[in-house]
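So the chains spell out like this:
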Amino acid sequence: MVYYFESSIVSPPALLYMGIDKHENEDLIKWGWPEDVWFHVDELSSAHVYLRLRSGQTIDDIPSAVIEDAAQLVKANSIMGNKMNDVGVVYTMWSNLKKTAGMEVGQVGFHKESEVRKIKVAKRINEIINRLNKTKKENQPDFRAEREKRDTLDREDKKKLMREQKKKDEEEEKKRKEEAELRSYNSLMSSDNMSKYDDGNDSDDFM
């Protein structure tokens, strides 16, 4: 089971979601999307909360208010973290998560520590949690099927862009050739390069 939330402080609303337990989190780790940003309470047990970025958006483009929503949600879903103030929350792109054979269920590491960001949550803000919980929906998706569908659409989009770019390049090349031919013709027809027949003889008779 996966819980879905909407952060309506931005338009269109940002999508947040998390697994119901560590086994569900394992599937989320395996079948996450490249557009997903992972949130977790630092050094404490907590839910794994994901923020799905919009197409073209990067981790640097996330509004601070959306980051706060995700951080509050992950803190509220940590047994220890929910009781504490000044809790650290880490977040990074899904692609930076690392899973090795020796790790426990639901446990992850990072490929690059330098790409992990950390913020401090001073206290739980019930107004944020209540707002998010009002949008809460439960679903039991097929993670693999959703990821494969996403990848198929992504490949189709890239092929379309490649076709459009190829067509654009061909049109530009054709235009360059036409302009070059026109310059060559104008140069040929220039008065400086035209020769006039004149033998110095006014007679029209030819010998």
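Residues numbered from 1 in each chain as written. Predicted model: local features only at pLDDT ≥ 70, side-chain atom pairs only at ≥ 80, totals over all residues. Heavy atoms only, no water.

Worth spelling out the cut-off: UniProt positions are given in the numbering used here, feature names are shortened, and annotations may be inferred rather than shown by experiment.
The protein has the name Coiled-coil domain-containing protein 25 in an unreviewed UniProt entry, where Dendroctonus ponderosae is given as its organism. Quoted straight from UniProt, the Sequence similarities (unreviewed entry) entry for the protein says "Belongs to the CCDC25 family." Checking UniProt for the protein, the heading Subunit (unreviewed entry) contains the comment "Interacts (via cytoplasmic region) with ILK."

### Some details on the packing of aromatic side chains
Centre-to-centre distance and the angle between the planes together describe a pair of aromatic rings. For the record, the criterion: Aromatic pairs are defined between Phe, Tyr and Trp rings, using the six-membered ring for Trp, whenever the two ring centres lie within 6.5 Å; interplanar angles under 30 degrees are classed as stacked, those over 60 as edge-to-face, and all others as tilted. Secondary structure elements are defined from DSSP: runs of H or I of at least 4 residues count as helices, runs of E of at least 2 residues count as strands, and each element is numbered from the N terminus. In this scheme, a residue with accessible area under 20% of its type's maximum is buried, one over 50% is exposed, and one in between is partly exposed, where area comes from a 1.4 Å probe on protein chains only. Whether a charge lies above a ring is judged from NZ of Lys or CZ of Arg, which has to be within 6 Å of the ring centre and within 35 degrees of the ring normal.
Considering all chains together, one arrives at 4 aromatic pairs under this definition. Aromatic side chains Trp38 and Phe110 sit 5.6 Å apart centroid to centroid with 65° between the ring planes, which places their arrangement in the edge-to-face category. In this pair, Trp38 sits in strand S3 (residues 36-41) while Phe110 sits in strand S7 (residues 109-110), placing the two residues 72 residues apart along the sequence. Judged by relative accessible area, Trp38 falls into the buried class, the value being 3%. Members of the aromatic cluster, connected to one another through ring pairs, are Tyr4, Tyr17 and Tyr50. Over the face of the ring belonging to Trp33 we find Arg52, whose NZ or CZ atom lies 3.6 Å from the ring centre. When the ring centre of Tyr3 is taken as origin, the NZ or CZ atom of Lys136, which lies over that ring, is 4.1 Å away.

### Side note on the sheet that holds S3
As a reminder, the rule being used: Two strands qualify as a pair provided that DSSP identifies no fewer than 2 bridges between them. Lines are fitted to the C-alpha atoms to define the axes, a helix being fitted only along its stretch in contact, and any angle between axes, read from their N-to-C directions, falls within 0 to 180 degrees. Here, residues are in contact when the closest pair of their heavy atoms is within 4.5 Å.
As summarised here, the arrangement of the 7 strands in space is S8-S5-S3-S4-S2-S1-S9, forming an open sheet in which the pairing is antiparallel. Taken across any chain shown, the strands that pair with only one partner, and hence form the sheet edges, are strand S8 (117-121) and strand S9 (137-139). Across this sheet, the average inter-strand angle for adjacent strands is 30°, counted without regard to direction. The pairing of strand S1 (residues 2-7) with strand S2 (residues 14-19) spans 6 bridges and is classified as antiparallel. Along S2, the bridge assignment pairs Tyr4 with Tyr17. Each of S1, S2 and strand S4 (49-52) touches helix H1 (residues 22-31); the most contacted strand, S2, lies at about 130° to it. Against the sheet, helix H2 (residues 64-76) touches S1, S2, S3, S4, strand S5 (87-93) and S8, its axis set at about 45° to S3.

### Comments concerning a positive patch on the surface
The condition that has to hold: Excluding any residue in a salt bridge, patches collect residues exceeding 30% relative accessible area, merging like charges within 9 Å and nonpolar Val, Leu, Ile, Met, Phe, Trp and Tyr side chains within 5 Å. Here the open area of atoms and residues is found with the Shrake-Rupley method and a 1.4 Å probe, where only the protein chains shown may cover a residue. A side-chain nitrogen of Lys or Arg and a carboxyl oxygen of Asp or Glu constitute a salt bridge if their distance falls within 4 Å. Note on charges: Lys and Arg go in the positive column, Asp and Glu in the negative column, and His and the chain ends are not counted at all. Charge coordinates come from a single atom per side chain, which is NZ of Lys, CZ of Arg, CG of Asp or CD of Glu.
Together, Arg155, Lys159, Lys160 and Arg163 line one region of the surface with positive charge. Relative to the assigned elements, Arg163 resides in helix H4 (residues 143-188).

### Some details on unusual backbone geometry
Look at the link from Ser11 to Pro12: it is a cis peptide, with omega at -5°. Of note, Pro12 is situated in the loop between S1 and S2. A positive phi is found at Glu43, a non-glycine position, where the angle reads about 65°. Relative to the elements of secondary structure, Glu43 occurs in the loop between S3 and S4. Its relative accessible area of 73% is what places Glu43 among the exposed residues. If you check the backbone angles, Asp86 has positive phi at about 55° while not being a glycine. Relative to the helices and strands, Asp86 is located in the loop between H2 and S5.

### Notes on the pairing of S4
The alternating pattern of S4 places Val49 and Leu51 on one face and Tyr50 and Arg52 on the opposite face, and all of these are buried. Where S3 and S4 come together, 4 bridges link them in antiparallel fashion. Within S4, the residue paired with Asp36 across the bridge is Arg52.

### Overview of H2
Which entries qualify depends on this criterion: A helix's residues, less one, multiplied by 1.5 Å, set its expected span.
Here H2 is 13 residues long and its end C-alpha atoms lie 18 Å apart, about the 18 Å a rise of 1.5 Å per residue gives. Judged by how many residues are buried, H2 sits mostly within the fold: 10 of 13 residues are covered. Taken residue by residue, H2 has Val66, Ile67, Asp69, Ala70, Ala71, Gln72, Leu73, Val74, Lys75 and Ala76 as its buried positions.

### Brief notes about the side chain of Arg52
For clarity, the cut-off: A 3.5 Å cut-off defines polar contacts: any pair of N or O atoms within that distance qualifies, except that in protein one atom must be a possible hydrogen donor and the other a possible acceptor, and neighbouring residues in sequence count only when both atoms are side-chain atoms.
Mapped onto the fold, Arg52 is located in strand S4. Of the polar contacts made by the side chain of Arg52, one reaches the side chain of Asp36; its length is 2.8 Å. Residue contacts for Arg52: discarding those within four places in its chain leaves Leu15, Tyr17, Trp33, Glu35 and Asp36.

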